[in-house]
Amino acid sequence: MAFPTETVYGLGANALDKEAVRAVFQAKGRPADNPLIVHVASKQQCCELALNIPEKAFSLMEKFWPGPLTLILERQVIVPDVTTGGLDTVALRMPDNAIAIGLIRESGKPLAAPSANLSGKPSPTNAQHVISDLFGRIDAIIDGGTVDVGVESTVIDMTLEIPSILRPGRISQEEIEREIGSVTIGYEDEDCPDPGIIRSPGMKYRHYAPDAAVILIEGENDRVVRRIHEMLDDHSRGKIKVGLLLTDESSMVIAHEEQLSLGSKDRPEELAINLFSGLRYLDAREVDLILVDGSFSHEGIGEAVSNRIRKAAGSIIVV
Ligand code: TXA
Ligand code: MG
């Protein structure tokens with residue numbers, strides 16, 4: 001069953017039931033070695049699933065749960081291999097959404113739930129996205145409207161001496177360090193050719209990818225605008241249909257047939273909410289190439305927005 005969380009929609013199953021979890025992998029077409037996040041409704045439930053929980057992890061739960069922060073902890077044996085992709089750790093989070101929490105409480109079970117998209121597609125931020133990817137492949141969906149955050153939770157590995165952020169999200173490195181001191185960044189390794197170095201299995205797959213090719217253009221806003229104009233000129237006589245994902249600032253000075261603003265470059269929360277639906281929108285318009293204005297602020301959730309676009313992008317141009 002698909003349900004809303006504050007970040008993106010999830011596709012949930014009893015995390016302790018192997019068959020149910022297998023069905024989730026199957027519905028998404030997800031590789032079996034990419035483990036799922038287990039959603040809990042209480043710290044008590046978390047303690048039943050994890051072992052040797054460090055003090056720092058409790059501090060983060062206290063501060064950020066319920067909320068968009070996933071903790072990687074040593075797993076208890078009751079958590080099956082299929083849920084953790086065979087790892088001896090488990091990813092746990094308490095979502096900040098009344099429907100999600102209600103579902104976990106009513107079922108009395110921890111819910112393993114990846115984002116409710118087909119594997120490799122942008123995560124769903126409303127019920128319609130789930131329907132377009134998974135209609136006929138899942139039993140039910142609870143429509144809770146559009147999500148609050150728009151990008152998936154921050155994932156942090158708490159099993160290391162110095163915890164490591166494996167995926168950026170709304171809870172930033174600075175906010176985490178204010179609670180527990182220094183942490184490292186683990187996600188910049190994601191394109192490392194040595195698979196032994198990839199700690200979060202999800203990071204090695206191409207993600208958030210629309211059907212169109214994506215080019216991210218980073219730099220000051222006016223330079224990005226100039227480059228987009230040049231690229232549009234280059235493509236104007238060709239057969240390639242170009243779509244633009246812009247900021248409010250650049251969309252005021254660009255007039256192109258297929259363009260969409262994700263919000264102000266200085267308000268990355270707005271960009272986060274609109275990012276995945278923007279990618280899906282341009283795909284539906286059947287563009288071949290998407291140029292993304294990357295001149296937005298990387299403060300706070302801006303880091304996560306940039307990370308997701310980088311993962312969707314075939315190339316990045318810095319101007
Ligand atoms: O906001 C979210 O986290 C959403 C909502 C539905 O809660 N869920 C989500 O799940 O984004 P998913 O499956 O799309 O992403 C889970 C990420 C993957 O990158 C996966 O590799 C990583 O978490 N992960 C899960 N278990 C792990 C583990 N034991 N060790 C390292 N990484 C793990
Ligand atoms: Mg996902």
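Per chain, residue numbering runs from 1 following the sequence as it is written. Written order decides the labels, with chains lettered from A and ligands numbered from 1. Only residues with pLDDT of 70 or above have their local features reported here, since the model is predicted, and side-chain atom pairs are shown and tallied only from 80 upward, although totals for entire chains, interfaces and linings are computed over all residues. Processing note: side-chain calculations cover all non-hydrogen atoms of the structure and skip hydrogens and water entirely.

Enquirer: Explain helix α5 (residues 98-107) residue by residue, including any values.
Expert: Three exposure classes are used, based on accessible area relative to the maximum for each residue type with a 1.4 Å probe and protein chains only: buried under 20%, partly exposed in between, and exposed over 50%. Note on conventions: DSSP H or I runs of at least 4 residues are helices, E runs of at least 2 residues are strands, and numbering of each starts at the N terminus. Inspection of α5 places Ala 100, Ile 101 and Ile 104 among the buried residues, and these make up the whole buried set. Buried residues of α5, seen end-on, are gathered within an arc of 95 degrees and therefore sit on one face of the element. Turned more than 90 degrees away from the buried face of α5 sit Ala 98 and Glu 106, all of them exposed. Throughout, a contact is declared for two residues whenever any of their heavy atoms are within 4.5 Å. On its buried face, α5 sits against β1 (2-3), β4 (37-39), α2 (43-49) and β8 (111-112). At the N-terminal boundary of α5, the capping side chain belongs to Asn 97, with an oxygen 2.9 Å from the backbone nitrogen of Ile 99. Here, the arc refers to the directions that run from the helix axis to the C-beta atoms. Pairs of N or O atoms are called polar contacts if they sit within 3.5 Å, as long as, within protein, a hydrogen donor faces a hydrogen acceptor (for residues adjacent in sequence, only side-chain-to-side-chain pairs).

Enquirer: Explain a nonpolar patch on the surface residue by residue, including any values.
Expert: A cluster of nonpolar residues, Ile 131, Phe 135 and Ile 141, forms a patch on the protein surface that exposes about 300 Å² of accessible area. Within the secondary structure, Ile 131 is located in helix α6 (residues 127-134). What goes into a patch is any residue over 30% in relative accessible area without a salt bridge, connected to like charges within 9 Å or, for nonpolar side chains (Val, Leu, Ile, Met, Phe, Trp, Tyr), within 5 Å. Each accessible area is a Shrake-Rupley result for a 1.4 Å probe, and residues are judged covered by the shown protein chains and nothing else. By convention in these notes, a salt bridge is any Lys or Arg side-chain nitrogen within 4 Å of a carboxyl oxygen on Asp or Glu.

Enquirer: Kindly report on the side chain of Asp 283, identifying the contributing residues and their values.
Expert: On the secondary structure map, Asp 283 appears in helix α10 (residues 268-284). Of the side chains bearing the opposite charge, Lys 121 lies closest to the buried Asp 283, which forms no salt bridge; the N-O distance is 4.8 Å. If we ignore the near neighbours within four places in the chain, the residues touching Asp 283 are Pro 210, Asp 211 and Ala 212. Positive: Lys, Arg. Negative: Asp, Glu. His and the chain ends are not part of the count.

Enquirer: Describe the pattern of salt bridges, with residues and values.
Expert: Under the defined criterion, the tally for this structure stands at 13 salt bridges. For Asp 133, the salt bridge goes to Arg 280, with nearest N and O atoms at 3.0 Å. Separated by 147 residues along the polypeptide, Asp 133 in helix α6 and Arg 280 in helix α10 bring together distant segments of the chain. Using a relative accessible area of 11% as the deciding quantity, one classes Asp 133 as buried. Taking relative accessible area as the criterion, Arg 280 reaches 14% and is therefore assigned buried. Across the pair Glu 270 and Arg 267 runs a salt bridge, and its minimum N-O distance is 2.6 Å. The class of Glu 270 is partly exposed, set by a relative accessible area of 24%. Accessibility expressed as a relative area gives 40% for Arg 267, which makes it partly exposed. Beyond isolated ion pairs, a larger network of salt bridges with shared partners links Lys 241, Glu 258 and Arg 285.

Enquirer: Break down the domain arrangement of the chain for me, citing the residues and quoting the values.
Expert: When the domains of the chain are assigned, the result is domain 1 (2-185) and domain 2 (213-318). What fixes the domain bounds is an automatic or database domain assignment. Using C-alpha coordinates to define each centre, domain 1 is positioned 28 Å away from domain 2. Taken together, the two surfaces of domain 1 and domain 2 that pack against each other cover about 1,300 Å², and 60% of this comes from carbon and sulfur. Where domain 1 touches domain 2, the interface holds two salt bridges. Simply put, the buried area is the total loss of 1.4 Å probe accessible area from both parts when two parts are fitted together.

Enquirer: Give a description of the nonpolar core that names residues and reports values.
Expert: Of all hydrophobic cores here, the largest spans 50 residues; its most connected members are Leu 71, Leu 73, Leu 92 and Ile 176. Residues Val 149, Phe 276, Leu 279 and Phe 296 belong to the second largest nonpolar core, which totals 22 residues. Residues belong to one nonpolar core when they are buried, are Ala, Val, Leu, Ile, Met, Phe, Trp, Tyr or Cys, and are joined through side-chain atoms within 4.5 Å.

Enquirer: Pulling in residues and values, what's your account of the pairing of strand β13 (residues 242-246)?
Expert: Taking burial as the measure, the five residues of β13 include five buried ones, the bulk of the element. Because side chains alternate across β13, one face comprises the buried residues Val 242, Leu 244 and Leu 246, and the other comprises Gly 243 and Leu 245, equally buried. Direction of pairing for β13 relative to strand β14 (residues 259-261): parallel, over a ladder of three bridges. Pairing of Leu 245 across the sheet is with Leu 260, part of β14. One bridge is not enough; two strands pair if DSSP finds at least two bridges between them.

Enquirer: Would you mind going over the sheet that holds strand β15 (residues 289-294) in detail, with residue names and values included?
Expert: Pairing within the open sheet is parallel, and its five strands lie in the order β14-β13-β15-β12-β16. On the outer flanks of this sheet lie β14 and β16 (315-318), each paired with one strand and no other. When the angles between neighbouring strand axes are averaged without regard to direction, this sheet yields 20 degrees. For strand β12 (residues 213-218) and β16, the ladder comprises four bridges, and the chain directions are parallel. Across the sheet, residue Ile 217 finds its bridge partner in β16, namely Ile 317. Packed onto the sheet, helix α8 (residues 221-235) meets β12, β13, β15 and β16 and runs at close to 165 degrees relative to β15. Packed on one face of the sheet, helix α11 (residues 302-312) meets β12, β15 and β16 and runs near 135 degrees to β12. Whenever a helix is involved, its axis is fitted only over the stretch in contact; in every case the axis is a line through C-alpha atoms, and angles between N-to-C directions fall within 0 to 180 degrees.

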